[in-house]
Amino acid sequence: MSNQDHVVVGKLGSSYGIKGWLKVFSYTEDAESIFAYQPWLIKVKGEWKAFHVESWKRHGQGLVAKLEGLNVREDAQKYTNAEVAVMAEQLPALSDDEFYWRELYGMTVVTTEGYDLGKVTDILETGSNDVLVVKANLKDAFGQKERLIPFLDEQVIKSIDRSAQRIEVDWDPGF
C-alpha cells in the first residue's frame, strides 16, 4: 500500500480501562467524524493492519474506542502511539475548487512569470495561515534551496491545476 492509498486521520493513545479500550486523538476537523470511517488502518510493526471500531465514546475532553479483537488491556497497550489511517477513497469527494492538503505534496510551484521554484515537500500550519514548503531540485539561480510560501488564496496562490500537478503563485523568486 503506497502513501497515496491511505490518509492518516489520527493516533491512538494509551489504553483505557481493563477491557481493551484506547484513547483516540483525532486529526479530523470534527473530532468525532474519525469514527465514520471503517475500517481503520493501524500501523503495527511497520505494516498497516485493518481494524473495525466496535464501540466508541466521549470520555472527559477526549475520545476512547474499543477495537474489534482487542479485549484486554495488555492487547490494547501494543497499539499505544500507533497512527490511524483510512483509505483515501473513503474521504468525501470535493468540488473542483477544493482539495486535500495531501494532493499538494509533490506539485511543482511556478511563478506567474513561469519561473520554477521547486516542489511542495511539506505544509506548515502556523495559525494565521498555512505555509507551503517548496524545495528546489538544486540551489537555483537565486541561491535558494527552500522557500516558505504563505498559502493565501488569490493573493499569493493564483491557481492549482490537479491534472498538471502545478501550483501558480505570485511570488518573487528572490525571496
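Since this is a predicted model, take the numbers as computed values, not measurements.

Caption draft 1: Spotlight on the sheet that holds strand E8 (residues 108-111). Taken together, six strands build an open sheet; the order of strands is E11-E10-E9-E8-E13-E12 and the sheet is mixed. Looking at the sheet topology across the chains shown, the edges are occupied by strand E11 (146-150) and strand E12 (157-161). Shown here is a sheet whose adjacent strand axes are inclined to one another by a mean of 35°, direction ignored. Strand direction decides the pairing type here: strand E10 (residues 130-135) and E11, joined by five bridges, are antiparallel. Each residue of the ladder has a partner; that of Val131, found in E11, is Pro150.

Caption draft 2: Layout of the packing of aromatic side chains. Scanning all chains against the criterion turns up seven aromatic pairs. Relative to Tyr79, the ring of Phe51 lies with its centre 5.2 Å away and its plane at 75°, an arrangement referred to as edge-to-face. You can see Phe51 sitting in strand E4 (residues 47-51) and its partner Tyr79 sitting in the loop between helix H1 (73-77) and strand E7 (83-87), a full 28 residues away along the chain. The two residues Phe51 and Tyr79 agree in class, both being buried. These aromatic residues form a ring-pair network of at least three members: Phe35, Trp40 and Trp56. Taking NZ or CZ as reference, Lys57 lies 4.9 Å from the ring centre of Trp21, over its face.

Caption draft 3: Here's a closer look at a nonpolar patch on the surface. Among the surface-exposed residues, Val8, Phe25 and Tyr27 lie close enough to one another that they form a single nonpolar patch of about 290 Å² accessible area. Its location among the elements puts Val8 in strand E1 (residues 6-16).

Caption draft 4: Here's a closer look at the sheet that holds E4. The strand order E4-E3-E7-E1-E2-E6-E5 describes an open sheet built from seven strands, whose pairing is antiparallel. The sheet is open, and its two edges are formed by E4 and strand E5 (53-59), each paired on a single side. With strand direction ignored, the average angle separating the axes of adjacent strands in the sheet is 40°. Pairing analysis gives five bridges linking strand E3 (residues 40-44) to E4, with the strands arranged antiparallel.

Caption draft 5: Spatial organisation of the domain arrangement of the protein chain. Considered domain by domain, the protein chain is made up of domain 1 (6-90) and domain 2 (96-169). Taking only C-alpha atoms, the centre of domain 1 and the centre of domain 2 are 32 Å apart.

Caption draft 6: Geometry of the pattern of salt bridges. Under the criterion given, the structure shown has five salt bridges. Notably, a salt bridge pairs Lys66 with Glu54, separated by 3.9 Å at the nearest N-O pair. In this pair, Lys66 sits in strand E6 (residues 62-67) while Glu54 sits in strand E5, placing the two residues 12 residues apart along the sequence. Of the charged contacts in the structure, one is a salt bridge between Asp75 and Lys78, with a shortest N-O distance of 3.9 Å.

Caption draft 7: The arrangement of the side chain of Thr28 in detail. Relative to the helices and strands, Thr28 resides in the loop between strand E2 (21-26) and E3. The buried category is assigned to Thr28, whose relative accessible area is 15%. Within polar-contact distance, the side chain of Thr28 engages the side chain of Ser26 at 2.6 Å. A distance of 2.8 Å separates a polar atom in the side chain of Thr28 from the backbone oxygen of Asp30. Residues in contact with Thr28, not counting those within four places in the same chain, are Val9, Ser33, Ile34 and Tyr37.

The rules behind each value
- Residue positions are given per chain, counted from 1 along the sequence in the order it is written.
- pLDDT decides what is reported in this predicted model: residues at 70 or higher carry local features, side-chain atom pairs at 80 or more are listed and counted, and totals for whole chains, interfaces and linings draw on all residues regardless.
- For side-chain calculations, the full set of non-hydrogen atoms in the structure is used, while hydrogens and water are omitted.
- In this scheme, strands are said to pair when DSSP sees at least two bridges between them.
- Secondary structure elements follow DSSP: runs of H or I of four or more residues count as helices, runs of E of two or more count as strands, with numbering from the N terminus.
- Axis lines are fitted to C-alpha atoms, over the contacting stretch for helices. Their N-to-C directions set the angle, which ranges from 0 to 180 degrees.
- Only rings of Phe, Tyr and Trp enter the pairing, Trp through its six-membered ring, and a pair is recorded when the two centres are within 6.5 Å. The plane angle decides the type: under 30 degrees is stacked, over 60 is edge-to-face, the rest tilted.
- The classification of residues rests on relative accessible area computed with a 1.4 Å probe and restricted to protein chains. Under 20% of the type maximum is buried, over 50% is exposed, and intermediate values are partly exposed.
- In this scheme, the term charge over a ring applies when either NZ of a lysine or CZ of an arginine sits within 6 Å of the ring centre and within 35 degrees of the ring normal.
- Within this analysis, patches are made of residues with over 30% relative accessible area and no salt bridge. Like charges are joined at 9 Å or less; nonpolar side chains (Val, Leu, Ile, Met, Phe, Trp, Tyr) at 5 Å or less.
- In short, Shrake-Rupley with a 1.4 Å probe defines the accessible areas, and a residue's cover is counted only from the protein chains shown.
- Here, a salt bridge means any side-chain nitrogen of Lys or Arg that lies within 4 Å of a carboxyl oxygen of Asp or Glu.
- How far each domain reaches was decided by an automatic or database domain assignment.
- Two N or O atoms count as a polar contact when they lie within 3.5 Å, although within protein this holds only if one can serve as hydrogen donor and the other as acceptor, and sequence-adjacent residues are included solely when both atoms are side-chain atoms.
- Throughout, a residue-residue contact means that at least one pair of heavy atoms, one from each residue, lies within 4.5 Å.

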